[in-house]
Amino acid sequence: MHYSTVDQGAGLEARIVACLEQESLTRSQLCERLGVSRTNLGRGLAPLLAGGTIRAEKTSATGRGRPVERLILVANAAYGIGIDIARSQASGIITDRGGATLASATITYESFSGWRSPLRALAEELTNAARRSGVDTDTTALIGIGLPLPVPPGGGEVAGELAEVVAHYWDAPVLVDNAVRMAALGEARWGAGREESSQLYIRLSGGVGGCAIVADTLAGGAAGRAGELGHIQVAGCELPCQCGKTGCLETLASAPALCRAAGVADLDELASALMRGDERATAALDRAAGALGEVMAGAVLLLGPALVILGGEVACAVPSIVTKAGAAMRSHLIGGIDAAVLPAEQDAVSCARGAVAAAEAVLEDAQ
């Protein structure tokens with residue numbers, strides 16, 4: 001899948017919604033404000049009325065005239081659902097047509113044995129959050145879901161399986177892709193990567209993944225597996241990786257590997273140990289940051305991005321890994337080549353917003 005990281009601008013439907021967010025209007029008033037004909041306005045209104053985003057309501061006219069039909073934006077009408085599933089947590093968001101968040105939910109888990117259980121648990125939480133907030137999910141037009149595994153173009157077999165699970169909760173078309181790409185899209189649209197056309201996003205979580213954005217375009221590669229930075233081998237490392245190789249970056253810089261090397265149970269304990277100056281924790285972090293910087297340098301030398309963004313639970317819990325990895329990266333670069341290294345600004349729920357953007361780009365074009 002290829003996604004533009006640039007918002008392509010508000011179409012007629014979005015412009016109608018923006019006008020009605022201010023006040024209810026008649027069709028004639030909308031035509032005047034938007035500068036469109038009644039015929040074109042009708043085309044833009046049709047899906048909004050059919051989907052329940054807008055309702056038409058007749059009001060009494062002043063004097064002896066006919067009743068006037070005014071168009072009203074329906075409050076709390078869901079438009080898009082975005083879901084981000086990582087190896088230690090899952091987050092979801094429900095947005096309205098204008099992109100505002102109507103409801104959100106996040107769950108955490110100690111181990112990851114597949115996407116089905118986290119998806120069902122998150123769907124339950126998100127459904128309950130929508131109910132508490134009075135959100136009408138019957139109007140949902142599209143769903144985007146990011147999974148922590150390679151997803152071929154079009155979704156492959158997993159798309160059908162996932163749609164079956166989702167159908168128990170919501171009735172809308174589903175787009176599925178790799179969770180790192182979904183998060184990177186959100187970060188490029190609204191986070192640290194906004195207004196930057198060339199960047200590299202790396203997510204340090206239960207695994208290590210990444211993706212490159214070149215000329216404002218995020219691509220998944222021929223088989224949907226572009227960005228497997230976690231399985232680039234690091235010099236001097238011989239630790240076995242779950243992929244079957246040894247010495248992969250993931251054996252040093254993923255959350256489980258880093259905690260194991262530091263002798264702690266989780267990232268919270270790791271952060272505490274680092275604050276105390278624990279030697280084992282410090283050594284584990286330095287080793288991970290050095291390996292990460294080495295891999296980042298290779299990617300920068302190959303692609304020449306202006307920016308490298310580090311996100312995920314590790315970068316959030318241990319922000320010093322960002323500066324340490326940046327310094328290590330620069331030690332492997334050559335003169336005249338450099339890239340800024342920044343922490344991600346988007347949290348897990350905001351990453352799910354990228355899934356909505358991806359679904360909107362693909363599914364609306366197909367309709």
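Everything in this summary refers to the structure shown in the same document. (Residues numbered from 1 in each chain as written. Predicted model: local features only at pLDDT ≥ 70, side-chain atom pairs only at ≥ 80, totals over all residues. Heavy atoms only, no water.)

## Observations concerning the packing of helix 10 (residues 279–303) against helix 12 (residues 320–331)
Alright, step 1. Their axes nearest at 7 Å, the elements helix 10 and helix 12 cross at an angle of 55°. Comparing their axes, helix 12 and helix 10 come out oblique. Of the two possible hands of crossing, helix 10 and helix 12 adopt the one that is right-handed. Residues Leu285, Asp286, Ala289, Gly290, Leu292, Gly293, Met296, Ala297 and Val300 of helix 10 lie in contact with helix 12, whose contacting residues are Ser320, Ile321, Lys324, Ala325, Ala328 and Met329.
Alright, step 2. Of the residues belonging to the contact of helix 10 with helix 12, the class tally is 10 nonpolar, three polar and two charged. (Axes fitted to C-alpha atoms, helices over the stretch in contact; angles between N-to-C directions. Helix = DSSP H or I, 4+ residues; strand = E, 2+ residues; numbered from the N terminus. Parallel < 35°, antiparallel > 145°, perpendicular 65-115°, else oblique. Left-handed = near helix turned anticlockwise from the far one by under 90°. Contact = heavy atoms within 4.5 Å. Nonpolar A, V, L, I, M, F, W, Y, C, P; charged D, E, K, R; others polar.)

## What to know about the sheet that holds strand 5 (residues 89–95)
Alright, step 1. With respect to topology, five strands assemble into an open sheet ordered 6-5-4-7-8, the strand pairing being mixed. Looking at strand neighbours, the two that pair on one side only are strand 6 (101–108) and strand 8 (174–178), the edges of this open sheet. Recorded for the sheet is a direction-independent mean angle of 10° between the axes of neighbouring strands.
Alright, step 2. Sheet analysis places strand 7 (residues 142–147) next to strand 8, joined by five bridges and oriented parallel. Residue Ile143 lies in a different strand from strand 8, and its bridge partner there is Val174.
Alright, step 3. Each of strand 4 (80–85), strand 5, strand 6 and strand 7 is contacted by helix 4 (residues 116–133), which is oriented at about 145° to strand 6, the strand it contacts most. (Pairing = 2+ DSSP bridges.)

## Considering the sheet that holds strand 11 (residues 217–219)
Alright, step 1. Ordered by their spatial adjacency, six strands build an open sheet running 1-11-10-9-12-13, and the pairing between neighbours is mixed. Of all the strands in the sheet, just strand 1 (2–4) and strand 13 (340–343) have a single pairing partner and so form its edges. For this sheet, the mean inter-axis angle between neighbouring strands, taken without regard to orientation, is 25°.
Alright, step 2. Note: strand 9 (residues 199–204) against strand 10 (residues 208–214), six bridges, orientation antiparallel. Residue Leu204 lies in a different strand from strand 10, and its bridge partner there is Val208.
Alright, step 3. On top of the sheet, helix 12 reaches strand 9, strand 12 (307–311) and strand 13; it is set at about 165° to strand 13, its chief contact.

## Brief notes about a nonpolar patch on the surface
Alright, step 1. Judged by side-chain polarity, Val214, Leu302 and Leu303 come together as a nonpolar surface patch covering roughly 300 Å² of accessible area.
Alright, step 2. Looking at where Val214 falls in the secondary structure, it is placed in strand 10. (Patch = residues over 30% accessible without salt bridge, like charges linked within 9 Å, V, L, I, M, F, W, Y side chains within 5 Å. Areas by Shrake-Rupley, 256 points an atom, 1.4 Å probe, with all protein chains shown as cover. Salt bridge = Lys/Arg side-chain N within 4 Å of Asp/Glu carboxyl O.)

## Here's the deal with the pairing of strand 4
One face of the sheet, then the other: side chains in a regular strand alternate in exactly this way.
Alright, step 1. Along strand 4, six of the six residues are buried, which leaves the element largely enclosed by surrounding structure.
Alright, step 2. Where strand 4 meets strand 5, six bridges bridge the pair, whose relative direction is antiparallel. Looking at the pairing, Asp84 lines up with Ser91 of strand 5.
Alright, step 3. Hairpin remark: strand 4 followed by strand 5, antiparallel, with three residues in the connecting loop.
Alright, step 4. Summarising the sheet, strand 4 and strand 7 pair through five bridges and their orientation is parallel. Its bridge partner being in strand 7, Gly82 is matched across the sheet by Gly144. (Buried < 20%, exposed > 50% of the residue type's maximum accessible area, 1.4 Å probe, protein only.)

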